[in-house]
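For reference, the chains in residue letters:
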Amino acid sequence: MSRIAYVNGRYVPQRDASVNIEDRGYQFGDGIYEVVHLYDDRFIDEDRHLDRLERSLRAIRLPMPLTRAALSLVLKEVARRNRVTEGLLYMQVTRGVSHRDHPFPTIPVPPALVVTVKRIKPYPVSIANWGGNAITMPDLRWAHRDIKTVNLLPNVLARQAAKEQGAIEAILFDEATGTVTEGAATNFWIVDEAGVIRTRALSHSILPGCTRSALMSELAEAGIAFDERAFTLDEMKRAREAFITSATSFVKPILKIDGAPVGEGTPGPVTTKLFEIFARHVKGGAKNAA
Ligand code: PDD
């Protein structure tokens, strides 16, 4: 069955789908995207993702391409037409098509909206084989990493460097302070040497991850303490455990960083507990409220 994409109001076979060469997303990276996990026909943390989409669009002065309710229907329809009940939804909004010029188009053009879905492997049944290794790299991104823009060149180069070194993620650090920001496409957490669960507080320096926020709600509900406090590379190297979170990683253990084992070099007890808590969040009817 050919995959179906939603492109500016039409559902089209993905192999025939195309965008104009003067789309500003293509020429300037002038756009916003979201990736949502679909599990058992439900969009996990849909409200959180749509809230962030609205926030990112506002930040770059782009209107929502559709009402939120209509967009939600499009997401469902793309999943339905592709018969995907477990997968990843990708949506992208750009500032539309106009002759190349840096300022916004003077004659208003509608934003361009594309939605696709792809199947993924079944949700990991256990944490045992879910982990991977990471490398560290300076964070070379722009100052507004809280906006989920399609400008991902530093992230792409960091992920490629990780891949070439047999790692699944690049952990980025701020060169001025020596503190960790986040992963190239994930939020990054440690269980520090005192046993405290830590991740950097929200600011312009990191993306406000939906998985991060959902996990924090679950932790609060379970009475498990965590600390939103930045840590240095040295603190990270002394950590007992490390893990990443994202719509595609869920809670994923990091076993080695730059070749050195984190703790025992196997998924630790805290990460394992959080993996289980998040699996319940996904499987147990996923509370979608932000
Ligand atoms: N990445 N930080 C960055 C830089 C990200 O790109 C992402 C998500 C996250 C985690 O956010 P969330 O929990 O909402 O997925 C953190 C997506 C999955 C991607 O680019 O494919």
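Residues numbered from 1 in each chain as written. Predicted model: local features only at pLDDT ≥ 70, side-chain atom pairs only at ≥ 80, totals over all residues. Heavy atoms only, no water.

**Quick look at the overall build of the protein chain**
In step 1: A count of helices and strands for the protein chain gives seven helices and 15 strands.
In step 2: At 19 Å, the protein chain has a C-alpha radius of gyration in line with the 19 Å of a compact globule built from 290 residues.
In step 3: For the protein chain, the proportion of its 290 residues judged to be buried stands at 49%.
In step 4: Taking as baseline every contact in the protein chain between residues at least 6 positions apart, the subset at least 24 positions apart corresponds to 73%.
In step 5: For the protein chain, the computed accessible surface area is about 14,100 Å², with 54% contributed by carbon and sulfur atoms. (Helix = DSSP H or I, 4+ residues; strand = E, 2+ residues; numbered from the N terminus. Rg over C-alpha atoms; globule rule 2.2 N^0.38 Å. Buried < 20%, exposed > 50% of the residue type's maximum accessible area, 1.4 Å probe, protein only. Contact = heavy atoms within 4.5 Å. Areas by Shrake-Rupley, 256 points an atom, 1.4 Å probe, with all protein chains shown as cover.)

**Considerations on the sheet that holds strand β5 (residues 87-94)**
In step 1: Taken together, the six strands give an open sheet; going across it, the order is β2-β1-β6-β5-β3-β4, and neighbouring strands pair in antiparallel fashion. Each end of this open sheet is capped by a strand with a single partner; those strands are β2 (10-13) and β4 (42-43).
In step 2: Pairing of strand β3 (residues 31-39) with β4 involves two bridges; the strand directions are antiparallel. Counterpart to Tyr-39 in the pairing with β4 is Arg-42.
In step 3: On the sheet, helix α2 (residues 46-59) packs against β3, β4 and β5 and is oriented at approximately 180 degrees with respect to β3. (Pairing = 2+ DSSP bridges. Axes fitted to C-alpha atoms, helices over the stretch in contact; angles between N-to-C directions.)

**Topic: the pairing of strand β9 (residues 180-183)**
In step 1: Both strand β8 (residues 169-173) and β9 contribute to a ladder of two bridges, which runs antiparallel. Counted as the bridge partner of Ile-171 is Gly-183 from β9.

**As for the pattern of salt bridges**
In step 1: Inspection of every chain in the model, using the stated rule, returns 18 salt bridges.
In step 2: A salt bridge links Asp-139 to Arg-145; the nearest nitrogen and oxygen atoms lie 3.5 Å apart. Comparing Asp-139 with Arg-145 shows no difference in burial state: the two are buried.
In step 3: Close ionic contact of Arg-229 with Asp-227 constitutes a salt bridge, the shortest N to O distance being 2.7 Å.
In step 4: A relative accessible area of 39% means that Arg-229 is categorised as partly exposed.
In step 5: Salt bridges sharing common partners tie together Asp-47, Asp-51, Glu-54 and Arg-68. (Salt bridge = Lys/Arg side-chain N within 4 Å of Asp/Glu carboxyl O.)

**Thoughts on the domain arrangement of the protein chain**
In step 1: When the domains of the protein chain are assigned, the result is domain 1 (4-119) and domain 2 (132-288).
In step 2: Put simply, the middle of domain 1 and the middle of domain 2, counted by C-alpha atoms, are 26 Å apart.
In step 3: Listed as interface residues are 26 residues of domain 1 and, on the opposing side, 24 residues of domain 2.
In step 4: Surface buried jointly by domain 1 and domain 2 totals about 2,100 Å² across both partners, of which 59% is contributed by carbon and sulfur atoms.
In step 5: Area buried by domain 1 at its contact with domain 2 is led by Tyr-33, Arg-48 and Arg-52, which between them contribute 32% of it. (Domains from an automatic or database assignment. Buried area = accessible area lost by both parts, 1.4 Å probe.)

**Quick notes on the packing of aromatic side chains**
For any pair of aromatic rings, geometry is given as the distance between the ring centres together with the angle between the planes.
In step 1: Tallied over the full model, the rule gives seven aromatic pairs.
In step 2: Taken together through their ring pairs, the aromatic side chains of Tyr-39, Tyr-123, Trp-130 and Phe-250 make up a single cluster.
In step 3: Positioned above the aromatic ring of Phe-104 is the side chain of Arg-95, whose terminal nitrogen or guanidinium carbon lies 3.7 Å from the ring centre.
In step 4: The ring of Trp-130 has Lys-252 sitting right over it, with the charged end atom 3.9 Å from the ring centre. (Phe/Tyr/Trp six-rings, centres within 6.5 Å; stacked < 30°, edge-to-face > 60°. Lys NZ or Arg CZ within 6 Å of the ring centre and 35° of its normal.)

**Re the confidence of the model for the protein chain**
In step 1: In this model, the protein chain carries an average pLDDT of 96, and 98% of its residues clear a pLDDT of 70 or more.
In step 2: When the criterion is pLDDT under 50, residues 286-290 qualifies, and its contacts beyond four places in sequence or with other chains add up to 18 contacts. (pLDDT = per-residue confidence, 0-100.)

**What to know about the nonpolar core**
Generally speaking, soluble globular proteins have nonpolar side chains that are buried together.
In step 1: Counting 23 residues, the largest nonpolar core has Leu-53, Leu-75, Leu-89, Met-91 and Val-115 as its most contacted members.
In step 2: Sorting the residues of this core by element identifies β3, α2, α3 (68-81), β5 and β6 (112-119) as the ones contributing at least two each.
In step 3: By residue number, the principal contributor to this core is α3, which donates five residues.
In step 4: The next biggest cluster of nonpolar side chains, apart from the first, holds 21 residues, and it includes Ile-44, Phe-250, Val-251 and Val-282. (Core = buried A, V, L, I, M, F, W, Y, C linked by side-chain atoms within 4.5 Å.)

**Examining the side chain of His-37**
In step 1: Considering the arrangement of structural elements, one finds His-37 in strand β3.
In step 2: Excluding anything up to four places from it in sequence, His-37 contacts Arg-42, Phe-43, Ile-44, Gly-87, Leu-88, Ile-120, Tyr-123, Ala-247, Phe-250 and Val-282.

**A word on the site of the ligand**
In step 1: Near the ligand you find 19 residues, and of these Tyr-33, Glu-182, Cys-210, Thr-211 and Ala-247 are the closest.
In step 2: Measuring from an oxygen atom of the ligand, one finds a side-chain N or O atom of Tyr-33 at 2.7 Å.
In step 3: A distance of 2.8 Å separates an oxygen atom of the ligand from a polar backbone atom of Ala-247.
In step 4: Across the shell around the ligand, the residue classes tally to seven nonpolar, eight polar and four charged. (Near = heavy atom within 4 Å. Polar contact = N/O pair within 3.5 Å; in protein donor to acceptor, adjacent residues only side chain to side chain. Nonpolar A, V, L, I, M, F, W, Y, C, P; charged D, E, K, R; others polar.)

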